[in-house]
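Remarks on the overall topology
This is what each chain is made of:
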Amino acid sequence: MSTLKAVRGTRDLLPPETELWNFVEETARRVFARYNFGEVRTPIFEDTQLFARGVGEETDIVSKEMYTWEDRARAQSEKAQSLTLRPENTAGVVRAYIEHKMGETGLLQKLFYIGPQFRRERPQKGRYRQFWQIGAEVIGPPSAGSESPLRDAEVLEMLATFLDELGIAGWRLEINSVGSATDRPRYLAALREALAPVKHLMCEDNQRRAETNPLRVLDSKDPNDQEIIEKLPKIADYLDESSKEHFAAVLAALDRCGVPYAVNPRLVRGLDYYTRTTFEFTHGGLGAQNALLGGGRYDGLSEAIGGPKAPGIGFAMGEDRLILTLQAQAAQKPAPADAYIAPLGEALNPAALELTRDLRRAGLRIELGDGSFRLKKSFEFGNKLARKIVLLGEDELQSGILTVKDFATGEQVKVPRAELAQSLTA
Ligand code: AMP
């Protein structure tokens, strides 16, 4: 019988790596809480229509990458429903915002999420079919100030602080404005006009994009087409006064806070409900899949999925890629336990468990051996798992004085049981 393996593009996350995952998630929770964000957890699967309308039918995600199935009807009177594993979380959060009438509070909603997403992409380093995103959204009625450029700058400043607190060095923020829903048609017309005489010189994908969604030609990575792309009109020249002012205000607030950025006029999002600010944080250490996170404004999204006017801005970070970056920065060693408790003989196992319990209750990280091990084996295991070893034999049990050896220094000392917890943390 062939052995069963995790499905292509999915992975088991194991210790000690999971410690790094917890560290990243704890840092996100701690930093986001300071900005007064609350956590939202939406279902892993949703009605397929949500993504068709909320992500966009013409995107790669919706047209090729979703895990979709017809859910069996439970009764004859019921129709089968098309369901999809969520490929991203913004659509789900905005659906929840609408469903729970969160806009009626009249306040901004600041929501973050952490969880797995699913896309049928070709797996490679940094690209998986089940991957984790950490994201946040600021959304609310315009009267709550949801359109203000201050919100964009606040989210970007939070991301810079988060990455710095995580210890990710060398990130790069690229930012652009894609204008409002009224700027866009003028720009698209200019883009189509500029592409018409040259598109036959471009790769097949770009020829198709030039027809269906010309904005996407701009973020093409095809090396042969770059010269043509460089010369295409820039959206910055098609922004109306209010979009220009909005973008300038975002940049001014970033300047004031010392958040470094580079304006990249080719950074675009292909759908109408993405408006104004778009951004991406990249990291050179990631190779081909160098995007750590992406985000931007989506002032028309709520209405696109049947909700009230609710402008918003958000981002989604690839947690897998944060982990890869941290791992590349520092070769990771599992953190050793504070001590390894070695009972000397099986009869001492119950007393060893009791001692271990007391030390754990005192907040220490303890690994427990087994009295059936010979002393040599206890030392070998202890040395692999912990900083110190505590020997518990008959003598130690009677006298209440334990023998503790420090593996790093080789020093061996006798410690009264009452002082043990304190001495192990020293
Ligand atoms: P997107 O929702 O496509 O804007 O992606 C936001 C972020 O999620 C990206 O910048 C990546 O860091 C991460 N990401 C997207 N797709 C994948 C994937 N297949 N595997 C791992 N990370 C991904």
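This is a predicted model, so every value here is computed, not measured. (Residues numbered from 1 in each chain as written. Predicted model: local features only at pLDDT ≥ 70, side-chain atom pairs only at ≥ 80, totals over all residues. Heavy atoms only, no water.)

**Focus: a nonpolar patch on the surface**
- Together, I44, F45 and W69 make up a nonpolar patch on the protein surface, roughly 260 Å² of accessible area in all.
- Tracing the backbone through its elements, the reader meets W69 in strand 3 (residues 68–71).
- W69 gets classed as partly exposed once you look at its relative accessible area, which sits at 31%. (Patch = residues over 30% accessible without salt bridge, like charges linked within 9 Å, V, L, I, M, F, W, Y side chains within 5 Å. Areas by Shrake-Rupley, 256 points an atom, 1.4 Å probe, with all protein chains shown as cover. Salt bridge = Lys/Arg side-chain N within 4 Å of Asp/Glu carboxyl O. Helix = DSSP H or I, 4+ residues; strand = E, 2+ residues; numbered from the N terminus. Buried < 20%, exposed > 50% of the residue type's maximum accessible area, 1.4 Å probe, protein only.)

**What about the pairing of strand 11 (residues 312–318)?**
- With seven of its seven residues buried, strand 11 lies for the most part within the structure.
- Of the two faces of strand 11, both are covered, the one formed by G312, G314, A316 and G318 as well as the one formed by I313, F315 and M317.
- Relative to strand 11, strand 6 (residues 130–139) runs antiparallel, the two being bridged by seven bridges. In the sheet register, V138 faces strand 11, and the bridge partner there is I313.
- Relative to strand 11, strand 10 (residues 291–297) is paired through five bridges, and the arrangement is antiparallel. Following the sheet pairing, L293 is matched in strand 11 by M317. (Pairing = 2+ DSSP bridges.)

**A look at the packing of helix 1 (residues 17–34) against helix 5 (residues 149–166)**
- Across the interface, helix 1 lies against helix 5 with an axial gap of 10 Å and an inter-helix angle of 140 degrees. Taken together, the axes of helix 1 and helix 5 are oblique relative to one another. Between helix 1 and helix 5 lies a crossing of right-handed hand. Contact residues: F23, V24, T27, A28, R30, V31, F32 and R34 in helix 1; M158, T161, F162, E165 and L166 in helix 5.
- Classifying every residue of the contact of helix 1 with helix 5 gives eight nonpolar, two polar and three charged. (Axes fitted to C-alpha atoms, helices over the stretch in contact; angles between N-to-C directions. Parallel < 35°, antiparallel > 145°, perpendicular 65-115°, else oblique. Left-handed = near helix turned anticlockwise from the far one by under 90°. Contact = heavy atoms within 4.5 Å. Nonpolar A, V, L, I, M, F, W, Y, C, P; charged D, E, K, R; others polar.)

**A look at the sheet that holds strand 4 (residues 81–85)**
- The strand order 2-4-3 describes an open sheet built from three strands, whose pairing is antiparallel. If you trace the sheet from one side to the other, it starts and ends with strand 2 (45–47) and strand 3, each paired once. Adjacent strand axes in the sheet meet at a mean angle of 35 degrees when their direction is disregarded.
- Where strand 2 and strand 4 come together, three bridges link them in antiparallel fashion. Among the inter-strand pairings, E46 is bridged to a residue of strand 4, identified as T84.
- In this fold helix 2 (residues 48–56) packs onto strand 2, strand 3 and strand 4, with an angle of close to 80 degrees to the strand it touches most, strand 2.

**Details of the domain arrangement of the protein chain**
- Splitting the protein chain by domain gives domain 1 (17–182 + 240–329), domain 2 (183–236) and domain 3 (339–424).
- Computed from C-alpha coordinates alone, the two centres of domain 1 and domain 3 are separated by 49 Å. (Domains from an automatic or database assignment.)

**Let's talk about the nonpolar core**
- Membership of the largest hydrophobic core comes to 44 residues, with the highest contact counts inside it found for F32, F162, F279, F281, F315 and L322.
- Sorting elements by how many residues they give to this core places helix 5 first, with nine residues.
- Membership of the second largest hydrophobic core comes to 23 residues, among which are V62, M66, V93 and A310. (Core = buried A, V, L, I, M, F, W, Y, C linked by side-chain atoms within 4.5 Å.)

**Side note on the packing of helix 13 (residues 349–361) against helix 16 (residues 417–425)**
- Relative to each other, helix 13 and helix 16 sit at 50 degrees, their axes nearing to 10 Å. The angle between helix 13 and helix 16 falls in the class oblique. For the crossing formed where helix 13 meets helix 16, the hand is right-handed. Listed contacts from helix 16 to E354, L355, D358 and L359 of helix 13 are R417, L420, A421 and L424.

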